[in-house]
Amino acid sequence: MRILAIETSCDETSAAIVEDGMRVRSNVIASSRKAFERSGGVIPEIAARRQIESILPVLDLALADAGMTPRDLDAVAVTKGPGLLGSLLAGTTTARAVAYIWKKPLIGVHHTLGHLSSTWLDAKDPPVFPLLALSVSGGHTDLWLRHAHLRGTLLGQTRDDAAGEAFDKGASMLGLPYPGGPSVAKAAENGKRDAFAFPHPLHKEKTCDFSYSGLKTALKYIIRDTPGAPVADLAASYEHALCDHLCTRVEHALTLHPEIREVHVVGGVSANTHLRWMLGQRLRNVTVRTPATLAYCTDNAAMIAAAAEFLVQEKGEAAYEPFATGASLPLAEAIGR
Ligand code: KG4
Ligand code: ZN
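Residues numbered from 1 in each chain as written. Chains lettered and ligands numbered in written order. Predicted model: local features only at pLDDT ≥ 70, side-chain atom pairs only at ≥ 80, totals over all residues. Heavy atoms only, no water.

**Here's the deal with the packing of aromatic side chains**
Quick note on the threshold: Aromatic pairs are defined between Phe, Tyr and Trp rings, using the six-membered ring for Trp, whenever the two ring centres lie within 6.5 Å; interplanar angles under 30 degrees are classed as stacked, those over 60 as edge-to-face, and all others as tilted. The buried label applies to any residue whose accessible area, calculated with a 1.4 Å probe on protein chains only, is under 20% of its type's maximum; exposed applies above 50%, and partly exposed to all values in between.
All told, the structure shown has 3 aromatic pairs when counted by the stated rule. When the centroid spacing of 5.5 Å and the interplanar angle of 35 degrees are considered together, the rings of W120 and F129 count as tilted. Residue class for W120 comes out buried when judged on its relative accessible area of 5%. Look at F198 and Y238: their rings are 5.7 Å apart centre to centre, the planes differ by 45 degrees, and that puts the pair in the tilted class.

As structure tokens, this is what we get:
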């Protein structure tokens, strides 16, 4: 199938055309993040207004980049949630309108199922189930045992902040711009990883859950108690602690499921170079997959088109059922047990 997808859950406006869930024909992303560099986070009203301004030019560009017209498409897909409601509605309203005008079926996709599908985009050899998937972004930190696209078990999730949120809040404490992930990573480049000692969250518990609020609080006290400490050292030690916690939980999950041969890391935080390096060092006898390009790590419509294809493959006609747009939508209800 050839699916045109729209993704507008936060501050990115994206439209993409993907064939067979893997071959990306176009993936256009406009971002309003510059507007939020100084506010330390997204202002929903402004993000929604930017979505409305960008969505039609982005849609036109996605068709032009692919050299296609609406006639070439088999379906339209859109992120139905979760996310910022105003931003989401800009996407779902546009998708409903173009699907009606172009007479195409419409598929509503859960944002996180999109991230989980991102490792299929441009993959030379398709991933093989069962696999372990670490989904890490600004809104969630989840560890899934996946048997199929729509069949998985949630092994663990964060009990408080998400990993991306810990990067964003840490950056704000260090006086670095939003989004925090890339700015902490940049500041950490010339810092010492062992300059400051951070706690090891939940280290006494045999669990696949995560907890990030303690690391964030530890950073707050280190900054308070070490005036004049180099930002590079603070950023490097903090980034190391955030990544170490992710690696430790993945290692624990692999001891529970030694049959697993593939570990996927998806979502905005999967763009992190230090995390990729650490996973490569510590995970032996498994293939670690991250999305093929950095554009597929953070929010993008190509991953939504891929997820829509897999929904049709595994759900058939039910993939086209009417859906509501929702700011909070549990993924476990859709794909897990
Ligand atoms: O998946 P995403 O684009 O949006 C959500 O669904 O939340 O993820 C955004 C998150 C932000 O918290 C951002 O700071 C983080 O991903 N992020 C990174 C990096 N790039 C983005 N975190 C660490 N290192 C990066 N290079
Ligand atoms: Zn996302």
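Additional details are given in the paragraphs that follow.
**Observations concerning the site of ligand 1**
This is how the line gets drawn: Residue proximity to a molecule or strand is established when one non-hydrogen atom of the residue lies within 4 Å of it. In protein, a polar contact requires one atom able to donate a hydrogen and another able to accept it; more generally it is a pair of N or O atoms within 3.5 Å, and residues adjacent in sequence count only if both atoms are side-chain atoms. The method works on a 1 Å grid over the protein atoms by themselves. A cavity is a set of points holding a 1.4 Å probe that cannot get out, a pocket is an open set with protein on both sides within 12 Å along at least five of seven lines, and residues with an atom within 4 Å of a point line them. Throughout, a molecule is located in a cavity or pocket provided that more than half of its atoms lie within 2 Å of its grid points. Every helix listed is a DSSP run of H or I at least four residues long, and every strand listed is a run of E at least two residues long, numbered separately from the N terminus. Gly falls in the polar group here, along with every residue not listed as nonpolar (Ala, Val, Leu, Ile, Met, Phe, Trp, Tyr, Cys, Pro) or charged (Asp, Glu, Lys, Arg).
In the vicinity of ligand 1 there are 18 residues, among which H115, G138, D168, G181 and N272 approach most closely. Within the contact set of ligand 1, an oxygen atom lies 2.9 Å away from a backbone nitrogen or oxygen of G138. G164 places a main-chain nitrogen or oxygen 3.1 Å from an oxygen atom of ligand 1. A majority-of-atoms criterion places ligand 1 in the largest pocket. Secondary structure elements with two or more residues in the shell around ligand 1: helix 3 (111–117), helix 4 (163–173) and helix 5 (180–188). Classifying every residue of the shell around ligand 1 by side-chain character gives 5 nonpolar, 11 polar and 2 charged.

**Focus on the coordination of the zinc ion (ligand 2)**
Rules: Coordination shells were defined by N, O and S atoms within 2.8 Å of each metal, extended to 3.2 Å for Na, K and Ca; water is absent from the atom set, which can make sites look incomplete.
Distances from the zinc ion (ligand 2) to its protein donors, H111 (NE2), H115 (NE2) and D299 (OD), fall within 2.0 to 2.1 Å. The sequence motif formed by the donor residues of the zinc ion (ligand 2) is H-x3-H-x183-D. With H111 and H115 both in helix 3 and 4 residues apart, the pair spans about one turn of that helix. In terms of burial, H111 and H115 fall into one category: buried.

**So, the packing of helix 5 against helix 7 (residues 231–256)**
Applicable threshold: Only the stretch in contact is used when fitting a helix axis, every axis being a line fitted to C-alpha atoms; angles between N-to-C directions are given from 0 to 180 degrees. Throughout, the term roughly parallel applies to angles under 35 degrees, roughly antiparallel to angles over 145, roughly perpendicular to angles from 65 to 115, and oblique to all others. A crossing counts as left-handed when the near helix is turned anticlockwise from the far one by less than a right angle, and as right-handed when that turn is clockwise. Contacts were defined at the residue level, with two residues in contact if any of their heavy atoms lie within 4.5 Å.
The interhelical angle for the contact between helix 5 and helix 7, taken along N-to-C directions, is 120 degrees, at an axis separation of 7 Å. Judged by the inter-axis angle, helix 5 sits oblique to helix 7. Between helix 5 and helix 7 the crossing geometry is left-handed. Of the residues in helix 7, those touching helix 5 at V184, A185, A187 and A188 are V231, A232, A235, A236 and E239. Residues of the contact of helix 5 with helix 7, tallied by class, amount to 8 nonpolar, no polar and 1 charged.

**Some points on the nonpolar core**
Worth spelling out the cut-off: What is meant by a nonpolar core is a set of buried Ala, Val, Leu, Ile, Met, Phe, Trp, Tyr and Cys residues, joined one to another through side-chain atoms within 4.5 Å.
Core analysis: the biggest nonpolar cluster contains 45 residues, and L132, F198 and L246 have the highest contact counts within it. When residues of this core are traced back to their parent elements, those giving at least two are strand 6 (131–136), strand 7 (141–148), helix 4, helix 5, helix 6 (213–225), helix 7, strand 9 (262–266) and helix 8 (273–282). Ranked by residue count, the leading element in this core is helix 7, at 12 residues. Formed by 34 residues, the second largest nonpolar core is a distinct cluster that contains A75, A123, Y296 and L331.

**Things to note about the sheet that holds strand 2 (residues 12–19)**
Keep this limit in mind: At least two bridges found by DSSP between two strands is the condition for calling them paired.
Spatial ordering of the open sheet is given by 3-2-1-4-5, a layout of 5 strands whose pairing is mixed. The open sheet terminates on both sides in strands that have one partner only, identified here as strand 3 (23–31) and strand 5 (106–110). Each adjacent strand pair in this sheet contributes to an overall mean axis angle of 20 degrees, direction not counted. Across the sheet, helix 1 (residues 44–66) touches strand 1 (2–7), strand 2 and strand 3, and the angle it forms with strand 2 is around 25 degrees. Set on the sheet, helix 9 (residues 302–315) makes contact with strand 1, strand 2, strand 3, strand 4 (75–81) and strand 5; between it and strand 5 the angle comes to about 110 degrees.

**With respect to the layout of surface pockets**
As a reminder, the rule being used: Grid points are joined across faces, edges and corners, and a volume is the space filled by probe spheres set on the points.
Of the pockets and cavities examined, the largest pocket occupies roughly 1,000 Å³. If you go around the largest pocket, you meet 39 residues; those closest to its centre are S137, G138, D168, Y178 and G268. Secondary structure elements with two or more residues in the lining of the largest pocket: helix 3, helix 4 and helix 5. The greatest single-element share of the lining of the largest pocket, amounting to 5 residues, is contributed by helix 4. The residue makeup of the lining of the largest pocket, split by class, is 15 nonpolar, 17 polar and 7 charged.

**Topic: the sheet that holds strand 9**
A sheet is described by the order of its strands in space; here 5 strands give the open sequence 8-7-6-9-10, paired in mixed fashion. Edge strands, defined here as strands with exactly one partner in the open sheet, are strand 8 (151–157) and strand 10 (287–289). Shown here is a sheet whose adjacent strand axes are inclined to one another by a mean of 20 degrees, direction ignored. Strand direction decides the pairing type here: strand 6 and strand 7, joined by 6 bridges, are antiparallel. Within strand 7, the position partnered with S135 by the bridge is D142.

**Things to note about helix 6**
Which entries qualify depends on this criterion: What a helix is expected to span follows from its residue count: subtract one and scale by 1.5 Å. Directions drawn from the helix axis to the C-beta atoms are what define this arc.
If you check helix 6, its first and last C-alpha atoms are 18 Å apart, about what 13 residues at 1.5 Å a residue would give, namely 18 Å. What helix 6 keeps buried is the set L215, K216, A218, L219 and I222. An end-on view of helix 6 places all buried positions within 160 degrees of arc, on one side of the element. Residues of helix 6 that are buried in the fold lie against helix 4 and helix 7.

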